Amino acid sequence: MRVLVLSDIHANFTALEAVLASVVTVDAVWCLGDLVGYGPDPNECIDRIRLLPNLTCLMGNHDAAVSGNKNIDKFNEEAEKSIQFTRKVITPQNLAYLKKLPEKVVTQMVTLTHGSPRNPVWEYLVEPFTAMMNFAYFNTQLAFVGHSHLPISFTIDPGGEKVYRVIIEGNQELKITSRAILNPGSIGQPRDHDPRASFGIFDPEESTWNIHRVEYDIEAVQKRIMSAGLPERQSQRLIDGW
Ligand code: ZN
C-alpha cells in the first residue's frame, strides 16, 4: 500500500499540479490541511483535492479561519489579507467543504492532524520538547502532521525518554522503526530554504517514509499573486523557500 501525504498547499495550484503529475499510482491520499491561504488559487486547489481517490482531508488553521469567524486575530497582517481575499473569491460549495473538514482522524494505524495530536489545528511541532509532550496525546504508532512547512520527523526511543529530530533534506527515504511523528513539508510554501514543493509517500507494509521534492513554475504563481493584489512578500518567499 502506498499513501500520498500532502500538506499546506496554500492555494498554490501550479505546485499541486506538479506534485500530482510526478506521483505514480497511490492507494490513498491524506491531505493534512491548509488547502487555502497565502496563494492565489483557493478554488482550483480545493476542486482538485476533492477529486483525489480515497481521500482523507484534515482542517488546517487557514481553512478554519476562512470558513469560520474565530481566531483570525492570531494571524499576522499579511496572512489576514490573504484570508480576506480567500473569503471573497471562494465558492459557496468550497466554503462548505472547508467547514466540514475534521480536526483529527484516528485509524488503527495512524493519527492525522494539521498541527499536533494535542492541539490539532494550531500547535506547531518544531522543537523536540514539544514533540515529546505530544507523544502522550496519541496511541497509534505514527502521527502525521503539517503546519510547520518543514519536512521534519520526530522519533522516540522505546523507553519514551528521548526524542530525535531530523529535518529531511531533498529526496530521502526513512525506515520507520519506532513511534514517530512525520511531516511531509509543504506543497505550496516550503520554508526550509528549498523552494521545491515537498510531499511524502508512506508505505505501511515496507515501513518506509519517502520525502520527495518537485520543481514547479514559481514565476507563474508569483504573477497570479501580484495580479490578485496579495502581499508581495508572499510572492518573494516562494523563490527562496522560507
Ligand atoms: Zn500552513
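What counts and how
- Residues numbered from 1 in each chain as written.
- Predicted model: local features only at pLDDT ≥ 70, side-chain atom pairs only at ≥ 80, totals over all residues.
- Heavy atoms only, no water.
- Helix = DSSP H or I, 4+ residues; strand = E, 2+ residues; numbered from the N terminus.
- Rg over C-alpha atoms; globule rule 2.2 N^0.38 Å.
- Buried < 20%, exposed > 50% of the residue type's maximum accessible area, 1.4 Å probe, protein only.
- Contact = heavy atoms within 4.5 Å.
- Areas by Shrake-Rupley, 256 points an atom, 1.4 Å probe, with all protein chains shown as cover.
- Lys, Arg positive; Asp, Glu negative; His and termini not counted.
- Charge placed at Lys NZ, Arg CZ, Asp CG, Glu CD.
- 1 Å grid on protein atoms, 1.4 Å probe; cavity = no way out; pocket = protein on both sides within 12 Å on 5 of 7 lines; lining within 4 Å.
- Points joined across faces, edges and corners; volume = space filled by probe spheres on them.
- Nonpolar A, V, L, I, M, F, W, Y, C, P; charged D, E, K, R; others polar.
- Donors = N, O, S within 2.8 Å, 3.2 Å for Na, K, Ca; no water.
- Tetrahedral: all angles 85-135°; square planar, octahedral: opposite > 155°, others 65-115°.
- Phe/Tyr/Trp six-rings, centres within 6.5 Å; stacked < 30°, edge-to-face > 60°.
- Expected span 1.5 Å × (residues − 1).
- Arc of directions from axis to C-beta.
- Polar contact = N/O pair within 3.5 Å; in protein donor to acceptor, adjacent residues only side chain to side chain.

## Focus on the overall build of the protein chain
At step 1: Along the backbone of the protein chain there are 8 helices and 12 strands.
At step 2: A compact globule built from 242 residues should have a C-alpha radius of gyration of about 18 Å, and the protein chain, at 17 Å, falls within 12% of that.
At step 3: Referenced to the eigenvectors of the C-alpha coordinate spread, the extents of the protein chain come out at roughly 50 × 35 × 30 Å.
At step 4: The 242 residues of the protein chain split such that 57% are buried.
At step 5: For the protein chain, contacts bridging at least 24 residues in sequence account for 72% of all contacts bridging at least 6.
At step 6: Accessible surface, the protein chain as shown: approximately 10500 Å² in total, 50% of it carbon and sulfur.
At step 7: Taken as two groups, the 23 positive and 29 negative side-chain charges of the protein chain have centres that lie 5 Å from each other.

## Remarks on the layout of surface pockets
At step 1: For the largest pocket, the calculated volume is near 170 Å³.
At step 2: Lining of the largest pocket is provided by 14 residues; of these, Tyr 38, Asn 61, His 62, Phe 75 and Tyr 124 occupy positions nearest its centre.
At step 3: For the lining of the largest pocket, the residue count by class is 5 nonpolar, 6 polar and 3 charged.

## Some thoughts on the coordination of the zinc ion
At step 1: Distances from the zinc ion to its protein donors, namely Asp 8 (OD), His 10 (NE2), Asp 34 (OD) and His 149 (NE2), fall within the range 2.0 to 2.5 Å.
At step 2: Bound by 4 donor atoms, the zinc ion shows angles of 87 to 178° at the metal and therefore irregular coordination geometry.
At step 3: We note that the donor set of the zinc ion lies within a single chain, spaced as D-x1-H-x23-D-x114-H. Of this pair, Asp 8 sits in the loop between β1 (3-6) and α1 (13-22) while Asp 34 sits in the loop between β2 (28-31) and α2 (42-50), placing them 26 residues apart in sequence. For the pair formed by Asp 8 and Asp 34, the shared burial category is buried.

## Here's the deal with the packing of aromatic side chains
At step 1: Per the counting criterion, the structure on display carries 6 aromatic pairs.
At step 2: Both rings, one in Phe 135 and one in Phe 138, keep their centres 5.5 Å apart while their planes meet at 35°; by these two values the pair is tilted.
At step 3: Given a relative accessible area of 4%, Phe 135 falls into the buried group.
At step 4: Counting every residue linked through ring pairs, the aromatic cluster contains Trp 30, Phe 144, Phe 202 and Trp 209.

## Re empty space enclosed by the protein
At step 1: Counted according to the given criterion, the structure contains 1 cavity of 30 Å³ or more.
At step 2: Approximately 50 Å³ is the volume found for the largest cavity.
At step 3: At the level of elements, α7 (218-227) and α8 (232-240) are the ones that each hand at least two residues to the lining of the largest cavity.
At step 4: Residues that form the lining of the largest cavity fall into these classes: 5 nonpolar, 6 polar and no charged.

## Considerations on helix α4 (residues 77-89)
At step 1: Taking 1.5 Å per residue as the helical rise, α4 with its 13 residues ought to reach 18 Å, and the 19 Å between its terminal C-alpha atoms agrees with that figure.
At step 2: Where α4 is concerned, the buried positions are Ala 79, Ser 82, Ile 83, Phe 85 and Thr 86. All buried residues of α4 lie within an arc of 160° about the axis, which places them on one face of the element. Across α4 from its buried face, at more than 90 degrees, point the exposed residues Glu 77 and Lys 88.
At step 3: Packing partners of the buried residues in α4 comprise α2 and α3 (61-67).
At step 4: N-cap assignment for α4: the residue whose side-chain oxygen lies 3.1 Å from the backbone N of Glu 78 is Asn 76.

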